[in-house]
Amino acid sequence: GLGLATVRTIVEAHGGGIRVKSKVDEGTTFLIFLPESKLPVTAATEGPSVPEQAAAAGDVLVVDNDEPILKTSSILLKALKMTPHVARDRREALAVVRRHATQLRAIILDAHLGGIDTVRLLGAFRIGAPNVPVIVSSGSSREEIAKMFKAHPYDAFLAKPYTLQELRRVISGRRNVA
């Protein structure tokens, strides 16, 4: 399903590749190849540093139907000292907006939710939480997403996969994240 497509996008974004081996009655093996990191081992294992002043408290709604993305986004938001709320569909997203509109610092909306008109959903967010920035996230190009959301402009674009630093930058208002 969508999980393999997400893995492929992430692996390719990092300059890697995937090889599939499949045999009847034996199963399928996915081999993931990633380039070697050029960072020193100590820097790569310490993890990204997040200065306290770079992250301000607040609630963020993440709307995505991909469970690994919801989990990863929640972890990143917690690292930024924010409170994540997750929604897998329109109903859940609108319920969070109704309950937490005054606490929301941002909404991160996946541009491609299966079977959901995300453009209309963004319009509903504008009614329910008119002052909350909406960040559209996608593995598609910025240009494709701009065309898709022409009727309901969003506040920022966040390309998938995104890093902690990119998420921090876009939520803090420096919106030029590619």
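Before reading further, recall that the structure is shown in the block above.
Now for a description of the structure that goes with this document. By convention here, each chain's residues receive numbers from 1 onward along its written sequence. Selection of residues for local features in this predicted model requires a pLDDT of at least 70, selection of side-chain atom pairs for listing and counting requires 80 or more, and totals for whole chains, interfaces and linings are taken over all residues. Each side-chain value is derived from all of the structure's non-hydrogen atoms; neither hydrogens nor water enter the calculation.

### Overview of the overall build of the protein
- Put simply, DSSP marks the helices as runs of H or I at least four residues long and the strands as runs of E at least two long, and each gets a number from the N terminus on. The number of helices and strands found in the protein is seven helices and seven strands.
- Secondary structure elements of the protein occur, N-terminal to C-terminal, as α-β-β-α-β-α-β-α-β-α-β-α-β-α.
- In this analysis, two residues are considered to be in contact whenever any of their non-hydrogen atoms come within 4.5 Å of each other. Of the contacts formed within the protein by residues at least 6 apart in sequence, a portion of 58% connects residues at least 24 apart.
- Entry remark: accessible area of the protein is about 10500 Å², with carbon and sulfur atoms responsible for 55%. Exposure was quantified through the Shrake-Rupley algorithm and a 1.4 Å probe, taking into account, for residues, occlusion by the shown protein chains and nothing else.

### Comments concerning the pattern of salt bridges
- Criterion for a salt bridge: a side-chain nitrogen of Lys or Arg within 4 Å of a carboxyl oxygen of Asp or Glu. Under the counting rule described, the total for this entry stands at five salt bridges.
- For Arg126, the salt bridge identified is with Asp155, shortest N-O distance 3.0 Å. Of this pair, Arg126 sits in helix H5 (residues 118-128) while Asp155 sits in the loop between helix H6 (142-148) and strand S7 (156-159); the two residues are 29 residues apart in sequence, bridging distant segments of the chain.
- In this structure, a network of salt bridges that share partners links the residues Asp64, Asp110 and Lys160.

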